[in-house]
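# Structure assessment
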Amino acid sequence: MVTNAASFGRSGVHDFILLRASAVILACYTIFLVSFIALSAPLTFEIWHGLFSTLPMKVFTLLALIALLIHAWIGIWQVLTDYVKQTALRGVLQFTFVVTAFAYLAAGIVIVWGV
């Protein structure tokens, strides 16, 4: 069986499941944040800081960030393999995206755990 090293999952089924799972996590995170903002009438810095200083919110935020990066990687991989036929250019674009994604992950970890 031939496997693709650039795919995040091991097959199309794994990518499909990862996309749906990451979409559910991102939807839950978005619904939670929108409802929190809507229900916190005077949203002040202290309230916002208090929300993000709790351990469950830090874990939920990092989980949402990882889900976003997985979702974005699979989407970018699919678009690049469909539309960029030149192998060298596609490899450079994928490498650039991976480096950027790891930079976003590192910055997210520093920002979330720095609160």
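This one's a predicted model, so the numbers in the text were calculated from it and none came from an experiment.

Moving on: a nonpolar patch on the surface. On the surface, Ile-37, Leu-43, Ile-47 and Trp-48 cluster together to form a nonpolar patch covering roughly 300 Å² of accessible area. Taking the relative accessible area as the measure of exposure, Leu-43 reaches 35% and is therefore partly exposed.

Attention now moves to helix α1 (residues 12–39). Over its 28 residues, α1 runs 40 Å from end to end, which matches the ideal 40 Å to within 8%, given 1.5 Å per residue. Restricting attention to buried positions, one finds in α1 the residues Asp-15, Leu-19, Ser-22, Leu-26, Tyr-29, Leu-33 and Phe-36. In this structure, the buried residues of α1 make contact with α2 (45–52) and α3 (55–83).

This brings us to the UniProt feature "binding site: a ubiquinone" (unreviewed entry) in the protein. UniProt feature "binding site: a ubiquinone" (unreviewed entry): in the numbering of this structure it lies at Tyr-83. Counting through the fold element by element, Tyr-83 comes out in helix α3. A relative accessible area of 67% places Tyr-83 in the exposed class.

Here we come to the nonpolar core. Soluble globular proteins: nonpolar side chains tend toward being buried together. In this structure, Leu-26, Tyr-29, Leu-33, Phe-36, Leu-51, Phe-52, Met-57, Ala-64 and Ala-67 together form the largest nonpolar core, which totals nine residues. Among the elements of the structure, α1, α2 and α3 are those that each provide at least two residues to this core. At four residues, α1 tops the list of elements feeding residues into this core. Excluding residues that lie within four positions of it along the chain, Tyr-29 makes contacts with Phe-52, Met-57, Phe-60, Thr-61 and Ala-64.

The subject of this paragraph is the packing of α1 against α3. For any two helices packed against each other, the geometry comes down to the angle between their axes and how far apart the axes lie. Interhelical geometry of α1 versus α3 gives an angle of 135 degrees and a closest axis separation of 8 Å. One finds that α1 runs oblique with respect to α3. Crossing hand, α1 versus α3: left-handed. Where α1 approaches α3, its residues Asp-15, Leu-18, Leu-19, Ser-22, Ala-23, Ile-25, Leu-26, Cys-28, Tyr-29, Phe-32 and Leu-33 are matched on the opposing element by Met-57, Phe-60, Thr-61, Leu-63, Ala-64, Ala-67, Leu-68, Ile-70, His-71, Ile-74, Trp-77 and Gln-78.

Another point: the packing of aromatic side chains. Under the criterion given, the structure shown has six aromatic pairs. On the numbers, 6.1 Å between centres and 65 degrees between planes, the contact of Phe-32 with Phe-60 is edge-to-face. Placement of Phe-32 in helix α1 and of Phe-60 in helix α3 is noted, with a sequence separation of 28 residues between them. Here the aromatic rings of Phe-36 and Trp-48 are separated by 6.3 Å at their centres, their planes lie at 50 degrees, and the arrangement is tilted. Of this pair, Phe-36 sits in helix α1 while Trp-48 is found in helix α2, placing the two residues 12 residues apart along the sequence. By relative accessible area, Trp-48 is classed as partly exposed at 31%.

Time to look at the UniProt feature "binding site: heme" (unreviewed entry) in the protein. Mapped onto this numbering, the UniProt entry gives "binding site: heme" (unreviewed entry) at His-71. Mapping His-71 onto the fold places it in helix α3. Among the residues examined, His-71 registers a relative accessible area of 29% and is labelled partly exposed. Residues within four places of His-71 in sequence aside, it is in contact with Leu-19, Ser-22, Ala-23 and Leu-26. Of the polar contacts made by the side chain of His-71, one reaches the backbone oxygen of Leu-19; its length is 3.4 Å.

Cut-offs and rules
- Residues numbered from 1 in each chain as written.
- Predicted model: local features only at pLDDT ≥ 70, side-chain atom pairs only at ≥ 80, totals over all residues.
- Heavy atoms only, no water.
- Patch = residues over 30% accessible without salt bridge, like charges linked within 9 Å, V, L, I, M, F, W, Y side chains within 5 Å.
- Areas by Shrake-Rupley, 256 points an atom, 1.4 Å probe, with all protein chains shown as cover.
- Salt bridge = Lys/Arg side-chain N within 4 Å of Asp/Glu carboxyl O.
- Buried < 20%, exposed > 50% of the residue type's maximum accessible area, 1.4 Å probe, protein only.
- Helix = DSSP H or I, 4+ residues; strand = E, 2+ residues; numbered from the N terminus.
- Expected span 1.5 Å × (residues − 1).
- Contact = heavy atoms within 4.5 Å.
- UniProt positions renumbered as here; feature names shortened; annotations may be inferred.
- Core = buried A, V, L, I, M, F, W, Y, C linked by side-chain atoms within 4.5 Å.
- Axes fitted to C-alpha atoms, helices over the stretch in contact; angles between N-to-C directions.
- Parallel < 35°, antiparallel > 145°, perpendicular 65-115°, else oblique.
- Left-handed = near helix turned anticlockwise from the far one by under 90°.
- Phe/Tyr/Trp six-rings, centres within 6.5 Å; stacked < 30°, edge-to-face > 60°.
- Polar contact = N/O pair within 3.5 Å; in protein donor to acceptor, adjacent residues only side chain to side chain.

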